[in-house]
Amino acid sequence: SARERARARARRMATMGASVKSNMRAGGRRPGLAKGRISAALSSPASASSVRGGVTRRRTPVPKNPTALKFGLTRAERTVEAKALSTEEKPGVTLDNSGKGKRVLVVGGDGYCGWASALHLSARGYEVAIMDSLVRRGWDQQLGYDSLTPISSIHKRVAKWKELTGRDITLYLGDICDFEFLAEAWKQFEPEHVVHFGEQRSAPYSMLDRERAVYTQVNNVSGTINILYAMKEFTPDCHMVKLGTMGEYGTPNIDIEEGYLDITHNGRSDTLPYPKQGNSFYHLSKIHDSTNMIFCAKTWGLKVTDLNQGVVYGVKTDETALDETLINRLDYDSVFGTALNRFVIQAAVGHPITVYGKGGQTRGFLDIRDTVRCIQLAIDNPAESGKMRVMNQFTEQFSVNELASLVQKVGNTLDLDVQITSVPNPRIEAEEHYYNAKNSKLKDLGLAPHLLGDALLDSLLKVAVEYKDRCDHELILPANAWGSSGVSRHFVGEKANK
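Throughout, a residue's number is its position along its own chain's written sequence, starting from 1. With the structure being a predicted model, the display of local features is reserved for residues of pLDDT at least 70 and the display and counting of side-chain atom pairs for 80 or more, all residues being used for whole-chain, interface and lining totals. With hydrogens and water set aside, each side-chain value is computed from the structure's full complement of heavy atoms.

Caption draft 1: Examining helix α11 (residues 400–413) more closely. Numbering of helices and strands starts at the N terminus; helices are DSSP runs of H or I of at least 4 residues and strands are runs of E of at least 2. To estimate the expected span of a helix, count its residues, drop one, and scale the result by 1.5 Å. Between its first and last C-alpha, α11 extends 21 Å over 14 residues, near the 20 Å set by a 1.5 Å rise per residue. When α11 is considered as a whole, its buried residues turn out to be V400, L403, A404, V407, V410 and G411. Buried residues along α11 cover an arc of 135° about the axis, so they all sit on one side. Working rule for contacts: check all heavy atoms of both residues, and any pair within 4.5 Å makes them a contact. Those residues of α11 that are buried are in contact with α9 (339–349), β14 (353–356), β15 (362–367), β17 (396–399), β18 (420–423) and α13 (454–466). Burial status follows relative accessibility: with a 1.4 Å probe on protein chains alone, a residue under 20% of its type maximum counts as buried, one over 50% as exposed, and anything between as partly exposed. Our arc is simply the arc of the directions from the helix axis toward the C-beta atoms.

Right, dumping it as structure tokens:
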């Protein structure tokens with residue numbers, strides 16, 4: 001029952017609360033991580049390992065499966081077909097070697113965007129390594145949350161990918177805020193490109209309480225600085241692709257340009273970084289990141305791309321749909337769930353769609369399939385040394401009301417009784433405003449967007465319906481309000497102060 005699940009979450013919180021609290025206070029260190037250790041596939045007793053320079057690097061061997069593909073293609077391309085989600089018919093992914101010879105380190109590769117991006121790049125022949133502390137899973141445990149879709153361990157995920165495609169993904173498990181760990185892994189892998197997803201990425205999480213606000217800023221800013229120093233010291237030609245957010249810009253009453261603004265003031269002209277107006281401690285940490293990256297690119301001659309990403313929706317890419325073990329996260333709670341994904345799940349489980357306030361809040365959105373393609377485009381077209389390149393990564397703009405209406409329309413065709421309700425807005429934000437953001441740079445590089453339509457929503461709704469029994473309805477409504485964030489720790493089950 002819901003009450004029993006709530007009690008179970010409270011018990012989990014009680015057992016881990018003290019250790020989590022002490023770890024988060026210790027300069028942003030994530031819970032449960034040994035300093036200076038790098039490991040991979042530790043849960044697999046059959047995994048092969050080698051030790052070099054005090055660093056354990058492990059690769060999971062290919063299972064003895066007659067359907068497994070061998071690494072090294074004999075033809076230019078090969079299509080892999082495998083077991084998939086029940087809502088897909090004969091899925092497949094094309095393997096090629098278009099990225100062969102390029103080493104890409106995906107920081108935060110166990111997360112929503114990072115996992116999909118790592119598989120996308122591996123399928124195209126890039127040599128991929130994932131670096132992750134697995135802390136995202138720990139946040140779910142702290143708060144009693146869970147993905148609607150069942151998420152396998154990172155070791156099982158990587159092993160399954162190897163089984164299906166014959167392609168290795170190396171794992172480095174540890175905290176990038178620990179520079180000793182980061183440096184050892186960096187010198188071993190020697191990345192030519194680093195894709196940086198490895199941050200606390202939730203605005204609501206950063207506003208739960210003082211402790212998590214401090215953690216978000218310390219973790220995000222110091223982790224990014226550590227990566228910049230690793231680039232400078234060990235691989236100065238490495239190209240960073242950093243995931244920023246459109247939320248850095250806020251909602252100004254002028255058009256949003258891609259990173260920089262041409263201005264004339266008192267008869268003089270210049271091109272300056274676009275003014276930033278973050279709306280949470282999370283967004284403010286991203287703004288700080290951007291400022292640090294501009295400085296380091298200019299001072300040390302680094303190659304840096306900042307992708308200001310909109311709100312991502314969807315759960316499947318060609319690669320994650322190959323097998324249920326590879327399935328991506330689908331969060332529906334009010335802390336980690338994004339607007340469209342939340343609305344779809346609410347419709348699937350019979351909960352009214354929760355529009356915050358007036359619903360006129362407008363943002364940029366994009367399909368997860370476009371996220372992975374944007375990452376590849378940024379890698380294949382690296383920034384120049386000495387200046388941070390900024391590209392706005394979204395494909396369409398919608399208001400919250402427009403999204404809710406789209407989900408309701410498609411839900412009704414599936415015989416779902418989809419209702420829409422307005423709830424008090426937990427955020428301090430404009431609910432009706434001007435919004436016009438530019439997004440031409442990635443399209444100029446070749447992005448062909450997947451636009452939001454009935455077919456995509458139909459597919460996403462079917463996935464939500466398939467796993468609806470995993471939904472805890474108590475987690476749907478807002479659990480914290482920006483104005484109530486204080487020094488007292490936010491615990492599981494607490495609701496927003498109205």
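Caption draft 2: The arrangement of the packing of α9 against α11 in detail. For every element, the axis is a line fit to its C-alpha atoms; helices are fit only across the contacting stretch, and the angle between N-to-C directions ranges from 0 to 180 degrees. It is at 10 Å that the axes of α9 and α11 come closest, and there the two elements cross at 35°. Taken as a pair, α9 and α11 cross one another with a handedness that is right-handed. For the pair α9 and α11, the contacting residues are A339, L340, F343, V344 and A347 in the first and V400, L403, A404 and V407 in the second. For the contact of α9 with α11, the residue count by class is 9 nonpolar, no polar and no charged. The crossing is said to be left-handed when, going from far helix to near helix, the turn is anticlockwise and less than a right angle, and right-handed when the turn is clockwise. Each residue is assigned to one of three groups, with Ala, Val, Leu, Ile, Met, Phe, Trp, Tyr, Cys and Pro labelled nonpolar, Asp, Glu, Lys and Arg labelled charged, and all others, Gly among them, labelled polar.

Caption draft 3: Structural context of the sheet that holds strand β5 (residues 103–107). Strands sit in the order β7-β6-β5-β8-β9-β12-β16 across an open sheet of 7 strands; the sheet is parallel. Either end of the sheet is taken by a strand with one partner, and the two such strands are β7 (169–173) and β16 (388–393). Direction aside, the axes of adjacent strands within the sheet are offset by 20° on average. Pairing between two strands is assigned when DSSP locates at least 2 bridges connecting them. The pairing of β5 with strand β8 (residues 193–196) spans 4 bridges and is classified as parallel.

Caption draft 4: A look at the confidence of the model for the protein chain. Looking at the protein chain as a whole, its pLDDT mean stands at 85, while 80% of the residues score no less than 70. For residues 9–79, every residue scores under 50 in pLDDT, and the model assigns this stretch 149 contacts once sequence neighbours within four places are set aside. Residue-level confidence of the predictor is summarised by pLDDT, bounded by 0 at the bottom and 100 at the top. This model gives residues 81–90 a pLDDT under 50, and the stretch forms 25 contacts once residues within four places in sequence are excluded.

Caption draft 5: Main features of the side chain of R136. With respect to the element layout, R136 can be found in helix α3 (residues 135–143). Within the structure, R136 has its side chain in polar contact with the side chain of D140 (distance 2.9 Å). Those residues in contact with R136 that sit more than four places away from it in its chain are R201, R329, D331 and F336. The definition of a polar contact used here is a pair of N or O atoms within 3.5 Å, where within protein one atom must be able to donate a hydrogen and the other to accept one, and adjacent residues in sequence count solely through side-chain atom pairs.

Caption draft 6: Structural detail: the nonpolar core. Take the buried residues of types Ala, Val, Leu, Ile, Met, Phe, Trp, Tyr and Cys, join any two whose side-chain atoms come within 4.5 Å, and each joined set is a nonpolar core. L148, Y205, L340, F343, V344, V407 and L452 are the most contacted members of the largest nonpolar core, which totals 45 residues. Every element with two or more residues in this core is listed here: α3, α9, β14, α11 and α13. Beyond its immediate chain neighbours, meaning those up to four positions away, L148 contacts L330, Y332, I345, A464, Y467, K468, R470 and C471. Formed by 41 residues, the second largest nonpolar core is a distinct cluster that contains L95, Y126, V312 and I379.

Caption draft 7: Spatial organisation of the side chain of D96. Relative to the helices and strands, D96 resides in the loop between β4 (92–95) and β5. His is not counted here, nor are the chain ends, while Lys and Arg score as positive and Asp and Glu score as negative. Salt bridge, as used here, is a side-chain nitrogen of Lys or Arg placed within 4 Å of a carboxyl oxygen of Asp or Glu. The side chain of D96 is buried and forms no salt bridge, while R124, the nearest opposite charge, is found at 5.0 Å. A distance of 2.8 Å separates a polar atom in the side chain of D96 from a polar atom in the side chain of S98.

Caption draft 8: Seen up close, helix α2 (residues 112–123). Taking 1.5 Å of rise per residue, 12 residues should cover 16 Å, and α2 covers 17 Å from first to last C-alpha, within 8% of that figure. Note on α2: the residue one or two positions beyond its end, G125, has a positive phi of about 95°.

Caption draft 9: Region of interest: the packing of aromatic side chains. Pairs were defined over the aromatic rings of Phe, Tyr and Trp, the Trp ring being its six-membered one, requiring ring centres within 6.5 Å. Orientation was assigned from the angle between planes: stacked under 30 degrees, edge-to-face over 60, tilted for the rest. In this structure the tally under the stated criterion is 10 aromatic pairs. Note on W139 and Y215: the rings are 6.2 Å apart at their centroids and 80° apart in plane angle, and the pair reads as edge-to-face. Within this pair, whereas W139 is found in helix α3, its partner Y215 is found in helix α7 (residues 210–234), the two being separated by 76 residues in sequence. Just as W139 is buried, Y215 falls in that class too.

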